[in-house]
Amino acid sequence: MVPPDDTLAELEHRIARLIRDPATAALDAAARAIPAELAESGPALALRGELLRRGGDAEGAARLLAAAIERAPALLGAYHALALARIRAGDRAGARAAWLALLERDPDDATARYQVALAFHEDGDRAQAARWYEAQVARHPSSPKAWHNLGLLRLAAGDAGGAVAALREAVACAPASAPAWTALGRALERAGDTPAAIGAWTRAHALDPRAVEPLERHAAALGERAALPAAIALLREAVAIDPRKPSLRFALAAHLSSLGEHADALAELRAGVALAPGDAAGHSALLFELQYDDTLATREAIADEHRRWAERHADRVPAVHRPARTRPPGRMRIGYLSPRFGMGPLATLFLPVLERHDRTRVEIVLYSSHAHDGPLNARIRAAADGWRDLPRDDASAAAMIADDDLDLLVDLAGHAPGHRLGVLARRPAPLQASWLDYFETTGMDGVDYFLSDATCTPASDAPLFRERLVLLPCRFAYRPLDPPALTPAPAVARGHVTFGSFNRHAKLSAGALDAWAAILGAVPDSRLALRAAAYGGDGTVDWIRDRWARRGLPVGRIDFLPWLPWREALAAYADVDVALDPFPYNGGATTCDALAHGVPVVALRGDRPIGRQSASLLRAAGHQEWIAGSIAEYVQIAVALARSEDLDRIRRALHAALPHSALCDVERFARSLERAFEAMIAAGPRRDGPQRREPLAVA
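Residues numbered from 1 in each chain as written. Predicted model: local features only at pLDDT ≥ 70, side-chain atom pairs only at ≥ 80, totals over all residues. Heavy atoms only, no water.

When helices and strands are tallied, the protein shows 33 helices and 14 strands. With the principal axes as the frame, the protein shows a C-alpha extent of 115 × 65 × 40 Å. Here the protein, with 699 residues, has 55% of them falling under the buried criterion. Here the analysis covers contacts within the protein between residues at least 6 apart in sequence; of these, 66% occur between residues at least 24 apart. Roughly 28,600 Å² of accessible area belongs to the protein as shown, and the carbon and sulfur atoms make up 53% of that amount. Once the 83 positive and 87 negative side-chain charges of the protein are each reduced to a mean point, those two points are 2 Å apart. (Helix = DSSP H or I, 4+ residues; strand = E, 2+ residues; numbered from the N terminus. Buried < 20%, exposed > 50% of the residue type's maximum accessible area, 1.4 Å probe, protein only. Contact = heavy atoms within 4.5 Å. Areas by Shrake-Rupley, 256 points an atom, 1.4 Å probe, with all protein chains shown as cover. Lys, Arg positive; Asp, Glu negative; His and termini not counted. Charge placed at Lys NZ, Arg CZ, Asp CG, Glu CD.)

Here the focus is the pattern of salt bridges. For the structure on display, the rule yields 40 salt bridges. Across the pair E268 and R249 runs a salt bridge whose closest N-O atoms are separated by 3.0 Å. With a gap of 19 residues between them, E268 in helix 16 (residues 262-275) and R249 in helix 15 (residues 246-258) connect regions that are remote in the sequence. Between R331 and E363 there is a salt bridge whose closest N-O contact spans 3.9 Å. One end of the pair, R331, is in the loop between helix 18 (299-313) and strand 1 (332-338); the other, E363, is in strand 2 (residues 362-368), with 32 residues separating them in the sequence. Taking relative accessible area as the criterion, E363 reaches 18% and is therefore assigned buried. Here the residues in one salt-bridge network are R356, R361, E667, R671, E674 and E678, joined through shared partners. (Salt bridge = Lys/Arg side-chain N within 4 Å of Asp/Glu carboxyl O.)

With that settled, consider helix 14 (residues 228-241). Between its first and last C-alpha atoms helix 14 spans 20 Å; for 14 residues at 1.5 Å apiece the expected length is 20 Å, and the two agree. Within helix 14, the full set of buried residues consists of L228, A231, I232, L234, L235, A238, V239 and I241. Structurally, helix 14 contributes buried residues whose contacts are with helix 13 (213-224), helix 15 and helix 26 (540-551). (Expected span 1.5 Å × (residues − 1).)

Moving on, we get to the sheet that holds strand 11 (residues 578-580). Spatially, 10-9-8-11-12-13 is the arrangement adopted by the six strands of the open sheet, whose pairing is parallel. This sheet does not close on itself; its edge strands, each paired only once, are strand 10 (558-562) and strand 13 (627-628). With two bridges connecting them, strand 11 and strand 12 (residues 601-604) associate as parallel partners. What sits directly across from L580, in strand 12, is V602. The strands touched by helix 25 (residues 510-522) are strand 8 (498-501), strand 9 (527-532), strand 10 and strand 11; relative to strand 9, the strand with the most contacts, the crossing angle is about 145°. (Pairing = 2+ DSSP bridges. Axes fitted to C-alpha atoms, helices over the stretch in contact; angles between N-to-C directions.)

This brings us to unusual backbone geometry. With an omega dihedral of 5°, the bond running from F583 to P584 counts as a cis peptide bond. Note on placement: P584 falls in the loop between strand 11 and helix 28 (589-596). Positive phi values are uncommon outside glycine, yet R427 reaches one of about 55°. Structurally, R427 is set in the loop between helix 23 (421-424) and strand 5 (432-434). Judged by relative accessible area, R427 falls into the buried class, the value being 18%. Positioned with a positive phi, L436 is a non-glycine residue whose angle comes to about 85°.

Now for the sheet that holds strand 14 (residues 696-697). Note on sheets: strands pair through backbone hydrogen bonds, and any given pair is parallel or antiparallel. Reading across the sheet, the eight strands line up as 3-2-1-4-5-6-7-14 and stay open at both edges, with parallel pairing between neighbours. Two strands close off the open sheet at either side, each with one partner strand: strand 3 (386-389) and strand 14. As paired elements, strand 5 and strand 6 (residues 449-453) share two bridges and run parallel to each other. Looking at strand 6, one finds that S434 is bridged to F450.

This part covers helix 15. For helix 15, spanning 13 residues, the distance from its first C-alpha to its last is 19 Å, which sits close to the expected 18 Å at 1.5 Å a residue. Within the span of helix 15, buried status applies to L248, R249, F250, L252, A253, H255, L256 and S257. Immediately downstream of helix 15, the backbone of G260 shows phi near 90°, a positive value.

Before going further, it helps to examine the pairing of strand 10. Judged from the five bridges that link them, strand 9 and strand 10 form a sheet pairing that is parallel. The residue bridging R531 from the neighbouring strand is L561, located in strand 10. Handedness of the strand 9-helix 26-strand 10 crossover: right-handed. (Right-handed = clockwise from strand over helix to strand, strands pointing away.)

Another point: the packing of aromatic side chains. A full pass over the atoms with the stated rule returns 19 aromatic pairs. For the pair Y292 and Y585, a centre-to-centre distance of 4.7 Å together with 20° between the ring planes defines the contact as stacked. With Y292 in the loop between helix 17 (280-289) and helix 18 and Y585 in the loop between strand 11 and helix 28, this residue pair connects regions lying 293 residues apart in the sequence. Accessibility assignment for this pair places Y292 and Y585 in one class, buried. Grouped by ring-pair contacts, the aromatic residues Y336, F341, F350, W387, W435, F669 and F677 constitute a single cluster. Positioned over the ring face of Y585 is R504, at 5.1 Å from the centre of the ring. Between the NZ or CZ atom of R531 and the centre of the ring of F502, over which it lies, the distance is 5.6 Å. (Phe/Tyr/Trp six-rings, centres within 6.5 Å; stacked < 30°, edge-to-face > 60°. Lys NZ or Arg CZ within 6 Å of the ring centre and 35° of its normal.)

Y336, W435 and F499 are the most contacted members of the largest nonpolar core, which totals 186 residues. With eight residues, helix 14 is the single largest residue contributor to this core. Listed in part, the 30 residues of the second largest apolar core include L337, L406, A425 and Y438. (Core = buried A, V, L, I, M, F, W, Y, C linked by side-chain atoms within 4.5 Å.)

All right, on to the state of the cysteines then. Within this structure, the stated rule accounts for zero disulfides. For the unlinked cysteine C474, the closest cysteine sulfur is that of C456, found at 7.3 Å. With no disulfide of its own, C592 lies 7.3 Å from the sulfur of C664, the closest cysteine sulfur. Using a relative accessible area of 0% as the deciding quantity, one classes C592 as buried. (Disulfide = S-S within 2.5 Å.)

By secondary structure assignment, the location of D525 is in the loop between helix 25 and strand 9. On a C-alpha basis, the gap between D525 and A157 in space is 58 Å, while along the polypeptide they are 368 residues apart. The contact partners of D525, leaving out residues within four places of it in the chain, are G495, H496 and R557.

Here's what the structure looks like:
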């Protein structure tokens, strides 16, 4: 018997309402009440299909709902139910097809158009998703989720202005949405309006005090502005809310370290590593932090932690395939790998050597793991035979390097931020070495050699290194980008001596501060000029002054000066009579810069490589008399220089002599480095046993 059309239409009308009813019991009762003659009708199949979907049988539900639509194409609710069932069954394309079919019947269905956009978004088709979101907000301007997601897509595409516009619409439609305010803050920051971004994150936090992302992003923005105490306070609040989020711990540790609070920073890093044992970069940050304060770790403990890093993140990584060598014998092919081929220490410590390499002996390929622009980067690129921008994936990057058939790959970063030790773990070159921007063992089995000198890394340190030591005459050579101007010692005009240190605040240990207090106490009319990025932040200098005053430092005689662009920063040495090197973490490029401007540097020879770096540089500069063997001697040397009537003569003599010293003899250093490469290639990969412990000395 064929049911009357009016009875079927009545059922279809009723099912159209019921199928979206959240009360499953009502649907179940309606299904039992369907007359037998209507059991196979479109509405009845749709109702049973929706019940199956709610019961968890997605595939069965999809079959019934598809059949229902064939029999009752006007039953619009069935399209939604079918799409949801197909999503549950993993058929995303089928779900999108259901919503598209619905839009053909009802172009104003806001849910269907949004879901099509969302499906493209989740499938990674950003261009299609953006077009559908734009169509959605054109028909339905009050669609906060569509505006929100459109803003996120624009932000990911690099359209910060478009993202801001979309996300402003999102918060206008849903002013109580903390996620929308958080996303707006991200877009505003990307667009360069940090104050407005901070305002958005503050609003998000007020709306949802338990959300940590607004706090985390607000703290990051404050950290960029060097407002360190405020950033730390926000991160502590975030950690109290979510103590198991590793990124909070790592960010908090970074700001604490920048403020010189190394014990607290180390505790947060250990907590972060425990929460995220697979985070190689976070674990490397712990290794770096161990260098700052000699009360925190012994040399053996530092070496052990590096080996633990390697065991966890590097030593078990399978090696990349290296194609069989087809290159004929000839020049050594050397690769240098770094995230810092731009302005910074490499400009004065690496570029000069790169430009002096003997191209009859070496062919140079540079591997950049971070984008750089500008004239200095162009100069570095021009000085090499080849340049490769490495992909972010370590395995792909290793394969790219392996294809270049190197003789030796030299990593310039070690565990410094941005490193790519995961690439070296895959052994893309037959020989691999660590040099320049790190001062400890990498801890890795995959790195064969560590280049240093006998002052920074004496032969007695060999057991602490996984690599075999290669000892050069000096750890590196220095050449300033511009010829340093000679200026008179400022004490001549001022009538008092100005000590100075242009090192980052994190390096100023408790021991160094006590020594500086003693120096200022012994030279009562002197001043101390400090220059670092940390001193440009709101509240940071006040916090430091208060902390140091309680430690007994005469903060009224200390000038906390913000960091400057490099040319202005170098010119500022005209205001310094005597430079005080921090310890146990010494200066490097800053030590060289001071010497180049004729400023004598007082340094303490420490118990670890980074604590002996300035001693190495002073030795190469020909001024061992400024190297102290104890803190008491450090104070004595600084006070004697301050009381000398020959400061101006010392300045002029140093300025004239330094370019001719071993420190600045780039030509000689480049030849030594090339001889080291030849010796390493001849010796082959590092092997365990007596050979590894015997350093390879290069004249």
